[in-house]
Amino acid sequence: MLISVRTYDNPVIGGFHPDPSVCRVGEDYYLVCSSFEYFPGVPIFHSRDLVHWRQIGNVLDRPSQLHLPDDVPASRGIYAPTIRHHDDRFYMITTNVSGRGNFLVTADRPEGPWSDPVWLDLPGIDPDLAWDDEGSCWCATSGNHVARVDPVTGKVLEGPLPVWSGTGGKYPEAPHLFHIGEWWYLLMSEGGTERAHAVSIARARSPRGPYEPCPANPILTHRGTDRPIQSTGHADMVQAADGTWWMVLLGTRPRGHTPEFHVLGRETFLTPVRWVDGWPLAGPVEARHEAPAAWHPLPPPPVRDDFDTETPAPYWISPRSRPGGSWSLTERPGWLTLHATGPTLDRPGHTFFGRRQQHHDCRVTARLEPGQARAGLSVRLDEAHHYDIEVHDGEASVIARIGPLRQRVARTSVPPGPLTLVIQIRTAETPPPAPTLTGEAETRPLGVGVHGPDVIAFAARAGEEYVHLAELDGRYLSTEVATGFTGRVIGMYVTEGVAAFDWFDYEWSHDPSAAPCP
Ligand code: 6LW
């Protein structure tokens, strides 16, 4: 007899969604991630089964909560958040490493509105919150230290006390305290967020310690393995409504020739927890696991944003800030109008509306009315690593910025009026570009080899004809080249004048050979 087992695929939230933290309220789960230099900050997701997640907003969605001036470097800003629910209130605690440090915000409803920040004068990053039976609130931070705090005023009432800094790996961080039965468990990560990342745990009878380490530490790591999912760590745990335990954690999916490149940033994975002799053990993290008992699939997200709402969908993010006059969904109803705030994508301060690249094989298409503006689509890691397809003065160009080098690699003339821009990203093993693309790239100076993680192709369409402009090696828009904690973001921009976008499509394929082509 065939018994079918329901499974889910990892990552459960693809693309640049690192440092996940999760909590359960009844049968509902809420999850938050780091957002670094992007605004709005700390995306928040809802799920009924831990597998299917829908973004319901951003916790830090106004300047009084998150102010990131233009001099904030890439990969600074908002680091790892923790989300908890206590006494009918939601708490999110995080660090603005480019501001005053650790702070928490609270809300009645996870969709918000969330409060203005309550600052905590505590050293370290990756703050966590837990409550004891007396109602005292404990905050653990990287290091790892624990402090008793007043979450209303932010006052530190006791500590910080050094407790347990792991098994000796670098950067003891991402602490989470859990009061389970008679024990206080201190879950943490060490080894750094790169390939040596590991999850370890210790326990004590009191949050103050003394902590005894788990004999099986690290309880999860992929270091030194050839597993397709790497860098697993920065974990949080949650008990499902049916009593089973689950871990959410970050991981990467490097591709290409050694040392391999990861381009989607650190993503959110889900893996089951098993309890052995009073210790939670987890891993290895597989691309496919047996699913939790609850199963609540969601309809796939819409491919198109038609810009027919007055506020942007929650997945749109902008580097550092989104000044009031720089964008509008009402100036020309049904269009996103962008006003230039900075003259170049190579420095902070420009107008950019983007979304995370969440799949290795995907395609972005947008309809642009450039008018007199300089505007286009860009795939970015940061200001020093981006590929752009840009329209200005009757020409569409492809520009590559890689570290200190900036070069226009292709150009074609385009008629006045609206046109459609296409960015297609495919993994290197997939077949050459679709035969329906016509025209020749003017130059291909970067070459497309077999060694990169993927290929990024650019095309423009005016009327019925697509012009294939360039195909660039994706490795230069990877974390291994650009450095940092983020991942690729693809978006619309304007660096001169005013431009309007009619719609923006994001299509993806889990099967590269079936990737949709224009
Ligand atoms: C985060 C730290 C980490 O604060 O990376 O992977 C840092 N873990 O815990 C930035 O995300």
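Residues numbered from 1 in each chain as written. Predicted model: local features only at pLDDT ≥ 70, side-chain atom pairs only at ≥ 80, totals over all residues. Heavy atoms only, no water.

Where we set the bar: UniProt positions are given in the numbering used here, feature names are shortened, and annotations may be inferred rather than shown by experiment.
You'll find the protein chain entered in an unreviewed UniProt entry as Beta-xylosidase, with Thermocatellispora tengchongensis given as the organism. Note on the protein chain: under the UniProt heading Sequence similarities (unreviewed entry), the record states "Belongs to the glycosyl hydrolase 43 family."

What about the site of the ligand?
Basically, it comes down to this: One heavy atom within 4 Å of a molecule or strand makes the whole residue count as near it. Pairs of N or O atoms within 3.5 Å make up the polar contacts considered here, provided that, within protein, one atom can donate a hydrogen while the other can accept it, and that residues adjacent in sequence are counted only when both atoms are side-chain atoms. Per-residue accessibility takes into account occlusion by the displayed protein chains alone, with areas from the Shrake-Rupley method and a 1.4 Å probe. In this classification, Asp, Glu, Lys and Arg are treated as charged, Ala, Val, Leu, Ile, Met, Phe, Trp, Tyr, Cys and Pro as nonpolar, and every other residue, Gly included, as polar.
Around the ligand, the structure places 13 residues, and the nearest of them are Asp19, Asp126, Thr193, His234 and Arg266. One of the side-chain nitrogen or oxygen atoms of Asp126 is found 2.4 Å away from an oxygen atom of the ligand. A total of 290 Å² of accessible area belongs to the ligand in isolation, and the protein chains cover 98% of it. When grouped by side-chain class, the residues that make up the shell around the ligand number six nonpolar, three polar and four charged.

Things to note about the UniProt feature "active site" (unreviewed entry) in the protein chain
Applied cut-off: Every helix listed is a DSSP run of H or I at least four residues long, and every strand listed is a run of E at least two residues long, numbered separately from the N terminus. Residue exposure (1.4 Å probe, protein chains only): buried if accessible area is under 20% of the type maximum, exposed if over 50%, otherwise partly exposed. Whether two residues are in contact is decided by their heavy atoms: any pair within 4.5 Å suffices.
In the numbering adopted here, UniProt assigns the feature "active site" (unreviewed entry) to Asp19 and Glu173. Judged by maximum C-alpha separation, these annotated positions cover 155 residues in sequence but sit close together in space, the widest gap being only 10.8 Å. Within the fold, Asp19 resides in the loop between strand 1 (7-9) and strand 2 (21-25). Its relative accessible area of 5% is what places Asp19 among the buried residues. The residues contacting Asp19, other than those within four sequence positions of it, are Val32, Cys33, Ser34, Phe36, Ala80, Pro81, His234, Leu250 and Arg266. At a separation of 2.4 Å, a polar atom in the side chain of Asp19 contacts the side chain of Ser34. Counting through the fold element by element, Glu173 comes out in strand 15 (residues 173-180). Excluding residues within four positions of it along the chain, Glu173 makes contact with Ile125, Asp126, Ser142, Asn144, Met188, Ser189, Thr193 and His197.

Considerations on the sheet that holds strand 33 (residues 395-402)
Quick note on the threshold: DSSP bridges decide pairing: two strands pair if at least two such bridges lie between them. Interaxial angle, 0 to 180 degrees, is taken between N-to-C directions of lines fitted to C-alpha atoms, where a helix line uses only the stretch in contact.
Strand order in this open sheet of six strands is 29-38-31-32-33-34, and the pairing throughout is antiparallel. The strands lining the two open edges of the sheet, one partner per strand, are strand 29 (351-356) and strand 34 (405-413). Within this sheet the neighbouring strands show an average axis-to-axis angle of 20°, counted without direction. In this structure, strand 31 (residues 374-382) lies alongside strand 38 (residues 489-496), joined through seven bridges in antiparallel fashion.

Here we look at the pattern of salt bridges
Selection criterion: Take a side-chain nitrogen of Lys or Arg and a carboxyl oxygen of Asp or Glu: if they are within 4 Å of each other, that pair is a salt bridge.
Inspection of the entire model under this criterion finds 30 salt bridges. Residue Arg48 is joined to Asp28 by a salt bridge in which the shortest nitrogen-to-oxygen separation is 3.2 Å. With a gap of 20 residues between them, Arg48 in the loop between strand 5 (41-47) and strand 6 (54-60) and Asp28 in strand 3 (residues 28-32) connect regions that are remote in the sequence. Given a relative accessible area of 31%, Arg48 falls into the partly exposed group. Here Asp505 ties to Arg304 by a salt bridge, and the two come within 2.7 Å at their closest N and O atoms. Of this pair, Asp505 sits in strand 39 (residues 498-509) while Arg304 sits in strand 25 (residues 304-305), placing them 201 residues apart in sequence. Using a relative accessible area of 10% as the deciding quantity, one classes Asp505 as buried.

Observations regarding unusual backbone geometry
The omega angle of the peptide bond from Gly209 to Pro210 is 0°, so this bond is cis rather than trans. The amide bond that connects Thr258 to the next residue, Pro259, takes the cis arrangement and shows omega of 10°. A positive phi angle, near 60°, is found at Asp126, a position not held by glycine. Mapped onto the elements, Asp126 comes out in the loop between strand 10 (118-119) and strand 11 (128-131). The buried category is assigned to Asp126, whose relative accessible area is 5%.

Thoughts on the nonpolar core
Our working definition: Among buried residues, those of type Ala, Val, Leu, Ile, Met, Phe, Trp, Tyr and Cys that are joined through side-chain atoms within 4.5 Å constitute a nonpolar core.
Grouped together as the largest cluster of nonpolar side chains are 46 residues, with contacts concentrated most on Leu377 and Met492. For Leu377, the contacting residues outside a window of four places in its chain are Val364, Ala366, Tyr387, Asp388, Ile389, Leu421, Ile423, Gly491, Met492, Tyr493, Phe501 and Phe504. Formed by 21 residues, the second largest nonpolar core is a distinct cluster that contains Cys214, Val273, Trp279 and Leu281.

Digging into the pairing of strand 32 (residues 385-392)
With respect to burial, strand 32 is a largely interior element, seven of its eight residues being buried. Examined bridge by bridge, strand 31 and strand 32 share seven bridges and lie antiparallel to one another. Bridge pairing in strand 32 links Gly376 to Glu390. Where strand 31 hands over to strand 32, the hairpin turn is made up of two residues, counted between the paired strands. One ladder, built from eight bridges, connects strand 32 with strand 33; its direction is antiparallel. Each residue of the ladder has a partner; that of Ile389, found in strand 33, is Val398. The hairpin turn running from strand 32 into strand 33, its antiparallel successor, is two residues long, and Asp393 in that turn takes a positive phi close to 55°.

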